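Structural description and commentary
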Amino acid sequence: MRDFDRADWESTSDDTDRDGEATDDWGWATDWEPPASWPVVETIDSHTGGEPLRIVVDGWPTIEGDTILEKRQYARDNHDHLRKALMYEPRGHADMYGAIPVEPERTDSDVGVLFTHNEGYSTMCGHGIIALATVALETEMIEPTGDESTIRMDTPAGLVTAYAITDGDGVASVAFENVPSFVYEPELAVEVPGVGEVTVAIAYGGAFYAYLPAADAGVEIKPDAVDDLICTGSAIKAAVNDEIEIGHPEDDDLGFLYGTIFTAPSNRDSIDSRNVCVFADGEVDRSPTGTGVSGRLALESYHDRLEQDEPFVVESIVGSTFTGRLRGDATVGPYDAIVPEVAGSAHLTGRSEFVIDPEDALGEGFLLR
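Residues numbered from 1 in each chain as written. Predicted model: local features only at pLDDT ≥ 70, side-chain atom pairs only at ≥ 80, totals over all residues. Heavy atoms only, no water.

- Looking at an unreviewed UniProt entry, one finds the protein named Proline racemase, with Halorubrum persicum as its source organism.
- According to UniProt, the comment filed for the protein under the heading Sequence similarities (unreviewed entry) is "Belongs to the proline racemase family." (UniProt positions renumbered as here; feature names shortened; annotations may be inferred.)

Looking at the overall build of the protein
- Helix and strand content of the protein: 5 helices and 18 strands.
- For a compact globule of 369 residues, the expected C-alpha radius of gyration is about 21 Å, and the protein comes in at 21 Å, within 12% of that figure.
- Every one of the 369 residues in the protein was classed for burial, and the buried ones make up 51%.
- Contacts spanning at least 24 positions in sequence make up 63% of the contacts within the protein whose residues lie at least 6 apart.
- Accessible surface computed for the protein: about 16900 Å², of which carbon and sulfur atoms make up 43%.
- When the 23 basic and 73 acidic side-chain charges of the protein are each reduced to a single mean position, those positions are 2 Å apart. (Helix = DSSP H or I, 4+ residues; strand = E, 2+ residues; numbered from the N terminus. Rg over C-alpha atoms; globule rule 2.2 N^0.38 Å. Buried < 20%, exposed > 50% of the residue type's maximum accessible area, 1.4 Å probe, protein only. Contact = heavy atoms within 4.5 Å. Areas by Shrake-Rupley, 256 points an atom, 1.4 Å probe, with all protein chains shown as cover. Lys, Arg positive; Asp, Glu negative; His and termini not counted. Charge placed at Lys NZ, Arg CZ, Asp CG, Glu CD.)

A look at empty space enclosed by the protein
- With the rule as written, the count across this model stands at 3 cavities of 30 Å³ or more.
- A volume near 80 Å³ is recorded for the largest cavity.
- Of all the secondary-structure elements, those providing two or more residues to the lining of the largest cavity are helix H3 (126–138), strand S13 (273–279) and helix H5 (290–302).
- Residue composition of the lining of the largest cavity, by class: 7 nonpolar, 6 polar and 1 charged.
- Looking at which domains feed residues into the lining of the largest cavity, each of domain 1 (40–177 + 348–353) and domain 2 (181–343) gives three or more.
- The computed volume of the second largest cavity comes to approximately 50 Å³.
- Every residue along the wall of the second largest cavity is listed here: Arg54, Val56, Trp60, Arg83, Leu86, Met87, Gly98, Ala99, Ile100 and Thr116. (1 Å grid on protein atoms, 1.4 Å probe; cavity = no way out; pocket = protein on both sides within 12 Å on 5 of 7 lines; lining within 4 Å. Points joined across faces, edges and corners; volume = space filled by probe spheres on them. Nonpolar A, V, L, I, M, F, W, Y, C, P; charged D, E, K, R; others polar. Domains from an automatic or database assignment.)

What to know about the packing of aromatic side chains
- The full count for this structure, using the stated rule, is 13 aromatic pairs.
- Seen in terms of ring centroids, Tyr97 and Phe279 are 6.0 Å apart; in terms of plane orientation they differ by 55°. Their pairing is tilted. A residue pair is termed long-range when its members are at least 10 positions apart, and Tyr97 in the loop between helix H2 (80–87) and strand S3 (98–102) and Phe279 in strand S13 qualify at 182 residues. For the residue pair Tyr97 and Phe279, the accessibility class agrees, reading buried in each case. (Phe/Tyr/Trp six-rings, centres within 6.5 Å; stacked < 30°, edge-to-face > 60°.)

Quick word on the state of the cysteines
- Per the stated rule, a full pass over the model turns up 0 disulfides.
- Considering cysteine sulfurs only, Cys277 is the nearest to Cys125, which forms no disulfide, with 9.9 Å between them.
- Its relative accessible area of 5% is what places Cys125 among the buried residues.
- By relative accessible area, which is 1% here, Cys277 ends up buried. (Disulfide = S-S within 2.5 Å.)

Describing a negative patch on the surface
- A grouping of Glu138, Glu140, Glu143 and Asp169 is seen on the molecular surface, where their side chains present a negatively charged patch.
- A relative accessible area of 81% means that Asp169 is categorised as exposed. (Patch = residues over 30% accessible without salt bridge, like charges linked within 9 Å, V, L, I, M, F, W, Y side chains within 5 Å. Salt bridge = Lys/Arg side-chain N within 4 Å of Asp/Glu carboxyl O.)

Focus: the nonpolar core
- Core analysis: the biggest nonpolar cluster contains 86 residues, and Val200, Val240 and Phe262 have the highest contact counts within it.
- At 8 residues, H3 tops the list of elements feeding residues into this core.
- Summarising the domain contributions, this core has at least three residues from each of domain 1 (40–177 + 348–353) and domain 2 (181–343).
- In contact with Val240, other than residues within four places in its own chain, are Leu188, Val190, Val200, Ile202, Ala210 and Leu257. (Core = buried A, V, L, I, M, F, W, Y, C linked by side-chain atoms within 4.5 Å.)

Looking at a nonpolar patch on the surface
- A cluster of nonpolar side chains, namely Leu362, Phe366 and Leu368, defines an oily patch on the protein surface of about 300 Å² accessible area.
- Tracing the chain through its elements places Phe366 in the segment after strand S18 (346–355).

Brief notes about the domain arrangement of the protein
- Entries for the protein in the domain assignment read domain 1 (40–177 + 348–353) and domain 2 (181–343).
- Placing a centre on the C-alpha atoms of domain 1 and another on those of domain 2 gives a separation of 22 Å.
- The interface of domain 1 with domain 2 comprises 26 residues on the first partner and 29 residues on the second.
- Summed over the shared surface of domain 1 and domain 2, the result is 1 salt bridge.
- Among the ionic pairs, Arg286 bridges to Asp95, the shortest N-O distance being 3.3 Å.
- Put simply, domain 1 and domain 2 have 9 residue pairs in polar contact (both at pLDDT 80 or more) between them.
- Where the side of domain 1 that touches domain 2 is concerned, the elements lending two or more residues are helix H1 (68–78), H3 and strand S8 (170–177).
- In terms of residue class, the side of domain 1 that touches domain 2 is built from 12 nonpolar, 9 polar and 5 charged. (Polar contact = N/O pair within 3.5 Å; in protein donor to acceptor, adjacent residues only side chain to side chain.)

Description of the pairing of strand S7 (residues 158–167)
- Note that strand S6 (residues 148–155) and S7 share 8 bridges and pair antiparallel. Opposite Ser149, over in S7, you have Ala164 as the bridge partner.
- Here S6 hands over to S7 after 2 residues, the two strands then running antiparallel side by side.
- Where S7 meets S8, 7 bridges bridge the pair, whose relative direction is antiparallel. Bridge pairing in S8 places Thr161 opposite Glu177.
- What sits between S7 and S8 in their antiparallel hairpin is a turn of 2 residues, with Gly168 showing a positive phi close to 70°. (Pairing = 2+ DSSP bridges.)

What follows is the structure, encoded as structure tokens:
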């Protein structure tokens, strides 16, 4: 992955648009430069199925560590003020999501990546993989290799391989082979304040989730029910954490419950299921959640409801879809696991240069949902 240069984004003309048409140029602040003492971070924004991804392309300090998990810890210990500045208001919002490309861990990988959100740094992110592959190819940070480009990404959870299909000048879709996914606890009854007793399944797809039908918790998967989904999903997550301690058999840093996923039937014939993920500190995923779909594939396989290579289409709260498939078998410690593939598409939405005024009392961010 080549270094990103500001010059890549400089306009060739101050008074024409991309098609060469004349535009109004008021000349406001075109020559302004922030003081040398101000941190400056450049990003490219994108979304996958409606879920944002803000990708850092310049200005982030060096992140030290030999492994991606070590880099994750270093960023958490040393750069958390920058994460908050980009994720929180006034530059972001409570549901913002980000990615920081870093040096890969493996010699044959193309890039490493850390994922950020309102609570910290996740272990893996499916929508982020799809968006990062799309942005890397469409901006030529990584050179495309024919109609299908393969990008090997080192994540905190392990190696993830993305396969991007290009169509003309753009990326039409990205499928990624995720880390092995497994069922951790097929049935766990928990008492949830304000809800009552519910039974959840816990599965890992790069992160651990508690799965249950939305109807069992008295909620609906629809945009105008977001407040109820956040409240109930967060309560279920807390109840599960009170009931059991989740551990990953290969690394303690991966062993925590990331979120709650509500499932429901879809009213569209081509869709196998509808879901919504409430994760981190009450974030609501607009996409179907790539790691969540991976865990869902593990559950479907565990209950013998899905055949190898059979498509399993999951719809998000905003109607976007991911298609999952079982691509193989694996083991993770004592657990039988599957190799999941998840496919979707992403789009670029903008580019930004963020500055942090050291005298700004709110400059490092706040959240007011």
